[in-house]
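Survey of secondary and tertiary structure
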Amino acid sequence: MPGPVYIDPWSPSMPSTCAVSDAMRNSTVGILQKCHDTSTSANCYVEIGSGRIIHNNYESCTDSWLLLPGFSLLPNWFLIATYGLFLCFLFLGIAIISDKFMSAIEVITAKQTTLKITDPKTGEISAIKVKYWNPTVANLTLLALGSSAPEILLAVFETVKNLGPPEKQNPGELGAATIVGSAAFNLLAISSVCMMSVPKGEVRRISNLKVFLMTAFFAMLAYIWVLVVYTIWTPNRVSMIEALITFALFPIFVGLSYAADQNFWIKRTVEQQVDLEARLSSGMKVQSVTTTDADGKVHLNRAQIAVLVKRTEGEPDAEERLMKHIMALFPQDPWSAMRFRINAARRLGGKAHKITRVVEERDEAPDTLRENRVHPSDHSFGHAESMNIDLFKKFAVADSDVFMFKCPTFAVVESQGFARITVLRGGPLVGEASVDFYTIDGTADSPADFAETKGTLVFRMGEESKIIEVPIVDDDGYEPDENFFIKLCNPSVGKLLGDTVEVTIIDDDEPGYAALDDTMEVCETATEVHVTVYRRRGADGRVTVDYRTQDDTCQAGVDYEDGSGTLVFESGETSQVITVRLSDGHVPQVGTSFKVLLSTPTGGIVLSKRCELTVQVVGDLAVSRLAEEVMMRLAARNSAVDLTGDESYYQQFRDAVTMAESVDDDGAKVDPAVISIVLHYFTITWKVLFSLVPPPSYSGGWACFGVSLLFIGIVTAIVEQVATLFGCALGLSNMVTAITFVAMGTSLPDTFASKQATIESDDADAAVGNITGSNSVNVFLGLGLPWVIGAAYYESQGSCFKVRAGALGFSVTIFLVFSAVCLGTLLLRRLKWVAGGELGGPEFGKKFCAVLFFGMWFAYIVISAMQNYGYIDWDTNDDLSTACD
């Protein structure tokens, strides 16, 4: 109905039934005096002194505990602007306190319990931690209560406020209409927004289809039930039995949805059950990557990390693959609708957006975890014995010419005749370059042991290496191994790296003796141990030496493979390598050891005193660094996606007045957007006020839960008053106000949450999958609870609980038709030849469905409003006088 109608008290158009005599006795100008219109059970208002009677069918336009005296006399445009702005402010307040409320729910539902699993093969019992709350149950109870709390409390407050004498029942429409309007906005408008939010070429598909179908069925059933109660079973009233049935449908709905989630109706075969338990048991392998100390602090299990290092040994990009492998053992849980709603509420309060997941890939090539070592089996004399890794790193990244020996030490058998040493050139390799070299005596003298050599190496453009040849003197007399040096100098361009190489001349005129090093260290992640047996002081003739392994603190068959054999040295051969394999899938404990022993020499060779070698297992620094990095990444990830709020009152008040640091959708820090700054200062009053709420970390989240719910109730009570006044100022009925402004305002956080969930999630569960559940809970709790209160109150007084069924019944009918079309379209889109998922897909189909859904929501608003204002003829039968008959 249009806004206030001003009627001259002496005009023929003045309702004859409007008794104004009492009001006219008040002579104060500008004062409104209420009187009663006996024909319409509405109110008249007389403005004394102006000669006008204000006749308005909506008593609540001026009958509000929020109004200051004379405030309703202000210009109508000012009232519209004031009420509208205040309503927006209240909706933001609800969003901010919802942030606290949902954070409490997040803490509550994060509680874990220990589940014991029996291995079907070994019978061994293991324990695995799982969340105490089933996700489906949490979504349909605590999450639904959190997201629907404003609508539910609005309906409850309106019912309680209007309780009074049975003969003066004046049932409100705002609460029930808001629930229906919010359901329409959630299903139609939010689905349209989500449809357009899917990135181009991508598809979002509901993963838990069984639960979605169950909640969709109950969503339709809930509003069909509302239609039955309002218009068929007991028109214009709600009986206690109807109220109790509505309320009882809530636990039935939750129970059946849980059963669908758990496949209670699908009987598993023995093989399927064994497979399920095996998969659950495999979860313990993931848990074993962490250990908990006596103080309850969680650490990574070093042995398991070392095993993983061993598994990726030798793979391409082993380091990056290893990090991804380990981080995959701690998968980031997909965000629930609850977390997306918390994030949306944060944004409405000007807080930083939290990213849903942390990207684990590195931005640049990582440093090598383990030093590269030349394999001992590559030690053929006349080749490199060792390599300087640090110099090679500098050599590899040089941006100007550099020169170095390929290796800092070199060995050559006396009988080979020449020592051939490689010199490398690095850098851009542009143009010709040269470097001088010369030999220096050591324990070997020239010309007795080698020929003095010097000269210049000339590198052509692009040439990377040159060979220096030094003649070696082969005599028949025995002498110990001797050495000399070669030095580089005078580079024509660039600089020198490693300008000296040591050359060892090995005598081969006697059979010699076999020797080992005293000790050898092996990395815990190594797969093999390569022990070099040296033939010293002679290499003449064919000789043999036996070897075997022996336990020390390592155990053969567990830590390493027991080995034995015979080494054969041909004439002139100066070394042999024993290979001992370490056990696959297991790493020996750091600090343990085993031994390699030599025995039974033949052919004239003798054993040195060093014929026993202890192989010591040492920690791989890569494992330590890797474990630390993983823990740091996990801590950073948890911090980046933590939405559970502050840990203390001090932090809450500090964060309430401080502008939050902004990040983009990838988590990168950016300057705060203008809208974030505006929202921060516009809502700072709410943030300071709601800092009184206990932090979510207190009492397992329950203290925050209860106090937040109380604040939501207080703010909702104010919303009920302001929304009515705003609708009156605009000339709108309560029902139209409810299905438009109030429904959109209470659903604003859900809109942003679903949009972000569509963009950031891999499926559509958090985006649209929870809408049907929320719509069902709105009816079962949002209508069931006030119906129980109203029916209990009035039936205890021998009357009945009356409701205005006509306009709302029509609105529910229209919503049910559009709901069926929307849900049918979403399910049809799951077919691969249509779109392959509920959201996204081909551009034309995506845009068509988005326009269809939004168009249905707009049509729902227009059609419902037209019927409410009498433009559509519908048998409403709103005669409440006979409702209790």
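What counts and what doesn't
Residues numbered from 1 in each chain as written. Predicted model: local features only at pLDDT ≥ 70, side-chain atom pairs only at ≥ 80, totals over all residues. Heavy atoms only, no water. Helix = DSSP H or I, 4+ residues; strand = E, 2+ residues; numbered from the N terminus. Buried < 20%, exposed > 50% of the residue type's maximum accessible area, 1.4 Å probe, protein only. Pairing = 2+ DSSP bridges. Axes fitted to C-alpha atoms, helices over the stretch in contact; angles between N-to-C directions. Parallel < 35°, antiparallel > 145°, perpendicular 65-115°, else oblique. Left-handed = near helix turned anticlockwise from the far one by under 90°. Contact = heavy atoms within 4.5 Å. Phe/Tyr/Trp six-rings, centres within 6.5 Å; stacked < 30°, edge-to-face > 60°. Salt bridge = Lys/Arg side-chain N within 4 Å of Asp/Glu carboxyl O. Core = buried A, V, L, I, M, F, W, Y, C linked by side-chain atoms within 4.5 Å. 1 Å grid on protein atoms, 1.4 Å probe; cavity = no way out; pocket = protein on both sides within 12 Å on 5 of 7 lines; lining within 4 Å. Points joined across faces, edges and corners; volume = space filled by probe spheres on them. Nonpolar A, V, L, I, M, F, W, Y, C, P; charged D, E, K, R; others polar. Patch = residues over 30% accessible without salt bridge, like charges linked within 9 Å, V, L, I, M, F, W, Y side chains within 5 Å. Areas by Shrake-Rupley, 256 points an atom, 1.4 Å probe, with all protein chains shown as cover. Polar contact = N/O pair within 3.5 Å; in protein donor to acceptor, adjacent residues only side chain to side chain. pLDDT = per-residue confidence, 0-100.

All right, on to the environment of Thr 525 then. Within the secondary structure, Thr 525 sits in the loop between strand S21 (519-523) and strand S22 (528-536). By relative accessible area, Thr 525 is classed as buried at 2%. With 92 residues separating them in the primary sequence, Thr 525 and Val 617 have C-alpha atoms 9.3 Å apart.

Attention now goes to the sheet that holds strand S12 (residues 409-413). If you trace the 5 strands from one edge of the open sheet to the other, you get S12-S19-S17-S14-S15, paired in mixed fashion. The strands lining the two open edges of the sheet, one partner per strand, are S12 and strand S15 (454-459). Ignoring strand direction, the axes of neighbouring strands in this sheet form an average angle of 25 degrees. Note: S12 against strand S19 (residues 500-506), 5 bridges, orientation parallel. In the sheet register, Ala 411 faces S19, and the bridge partner there is Thr 504.

Below, the discussion takes up the sheet that holds S22. Strand order in the open sheet formed by 4 strands is S25-S22-S20-S27, with mixed pairing between adjacent strands. Since the sheet does not close on itself, it has two edges, and those belong to strand S25 (575-581) and strand S27 (606-607), each with one partner.

A few words now on the pairing of strand S14 (residues 433-441). Relative to S15, S14 runs antiparallel, the two sharing 6 bridges. The residue bridging Val 435 from the neighbouring strand is Leu 457, located in S15. Here 6 bridges tie S14 to strand S17 (residues 482-489), and the two strands are oriented antiparallel to one another. Bridge pairing in S17 places Phe 437 opposite Leu 488.

As a further point, take the packing of helix H6 (residues 240-261) against helix H21 (residues 784-795). In the contact formed by H6 and H21, the axes pass within 8 Å of each other and the chain directions differ by 155 degrees. By the angle class used here, H6 and H21 are roughly antiparallel. Seen from above, H6 lies across H21 with left-handed handedness. Where H6 abuts H21, its residues Met 240, Ala 243, Leu 244, Thr 246 and Phe 247 lie against Gly 784, Leu 785, Trp 787, Val 788, Ala 791, Ala 792 and Glu 795.

In total, this model carries 25 aromatic pairs according to the counting rule given. Taking 6.2 Å as the distance between ring centres and 10 degrees as the angle between the ring planes, the aromatic pair formed by Tyr 794 and Phe 801 counts as stacked. In this pair, the class of Tyr 794 matches that of Phe 801, namely buried. An aromatic cluster of at least three residues, connected via ring pairs, comprises Phe 89, Phe 682, Trp 686, Phe 690 and Phe 711.

For the rest of this paragraph, the subject is the environment of Leu 597. The residue Leu 597 is located in strand S26 (residues 593-602) in this model. For Leu 597, a relative accessible area of 11% translates into the label buried. Taking the C-alpha atoms as reference points, Leu 597 and Tyr 547, 50 residues apart in sequence, are found 5.5 Å from one another. Among residues more than four places away in sequence, those in contact with Leu 597 are Asp 546, Tyr 547, Arg 548, Gln 550, Cys 611 and Glu 612.

Among the 10 residues that make up helix H20 (residues 771-780), 10 are buried, leaving the element largely enclosed by the rest of the structure. All buried positions along H20 are accounted for by Ile 771, Thr 772, Gly 773, Ser 774, Asn 775, Ser 776, Val 777, Asn 778, Val 779 and Phe 780.

On to the pattern of salt bridges, then. With the rule as written, the count across this model stands at 13 salt bridges. Of the charged contacts, one joins Arg 425 and Asp 401 as a salt bridge, the two residues approaching to 2.7 Å between their closest N and O atoms. Of this pair, Arg 425 sits in strand S13 (residues 418-426) while Asp 401 sits in the loop between helix H11 (389-396) and strand S11 (402-405), placing them 24 residues apart in sequence. Note on accessibility: Arg 425 and Asp 401 belong to one class, buried. Within this structure, Glu 528, Glu 561 and Arg 581 form a network of salt bridges that share partners.

Of all hydrophobic cores here, the largest spans 114 residues; its most connected members are Tyr 223, Tyr 230, Trp 787 and Tyr 860. Excluding residues that lie within four positions of it along the chain, Tyr 230 makes contacts with Ala 176, Pro 235, Asn 236, Val 238, Trp 787, Val 803, Arg 804, Ala 805, Leu 808 and Gly 809.

This brings us to empty space enclosed by the protein. Per the counting criterion, the structure on display carries 7 cavities of 30 Å³ or more. In this structure, the largest cavity encloses a volume near 230 Å³. Around the largest cavity, the lining comprises 23 residues; the ones closest to its centre are Glu 158, Thr 159, Gly 172, Phe 801 and Val 803. Residue composition of the lining of the largest cavity, grouped by class: 12 nonpolar, 7 polar and 4 charged.

Looking now at a nonpolar patch on the surface. Side chains of Leu 85, Val 674, Ile 675, Val 678 and Phe 682 sit close together on the surface and give an oily, nonpolar patch of about 480 Å² of accessible area. The biggest single contributor to the nonpolar patch is helix H14 (residues 674-682), with 4 residues. Assignment of secondary structure puts Val 678 in helix H14.

Here Ser 239 lies in the loop between strand S8 (237-238) and H6. Among the residues examined, Ser 239 registers a relative accessible area of 10% and is labelled buried. Each C-alpha atom, one on Ser 239 and one on Phe 801, is 6.8 Å from the other, the two residues being 562 residues apart in sequence. The residues contacting Ser 239, other than those within four sequence positions of it, are Thr 234, Ala 791 and Glu 795.

Turning to unusual backbone geometry, a few remarks are in order. With an omega of 10 degrees, the peptide bond between Ser 446 and Pro 447 qualifies as cis. Positive phi values are uncommon outside glycine, yet Asn 236 reaches one of about 65 degrees. For Asn 236, a relative accessible area of 2% corresponds to the buried category. Not every positive phi belongs to a glycine, and Leu 429 is a case in point at roughly 60 degrees. As for its placement among the helices and strands, Leu 429 is situated in the loop between S13 and S14.

A few words now on the side chain of Thr 751. Here Thr 751 shows up in helix H18 (residues 748-760). The class for Thr 751 is buried, based on a relative accessible area of 14%. Engagement of the side chain of Thr 751 in a polar contact is seen with the backbone oxygen of Ser 747, the distance being 3.0 Å. If sequence neighbours within four positions are ignored, Thr 751 has contacts with Phe 185, Ile 190 and Val 193.

Another aspect to go through is the confidence of the model for the protein. Regions with low pLDDT should not have their predicted coordinates read in detail. Residues of the protein with pLDDT of at least 70 account for 73%, and the chain-wide mean is 75. Summarising per-element confidence for the protein, the mean pLDDT is lowest in strand S1 (residues 5-7) (38) and highest in S14 (93). Residue range residues 1-60 is modelled with pLDDT below 50. Its contacts to residues more than four positions away, or to other chains, number 117 contacts. Low pLDDT, under 50, characterises residues 293-298; the stretch is placed with 7 contacts to residues that sit more than four places away or in other chains.

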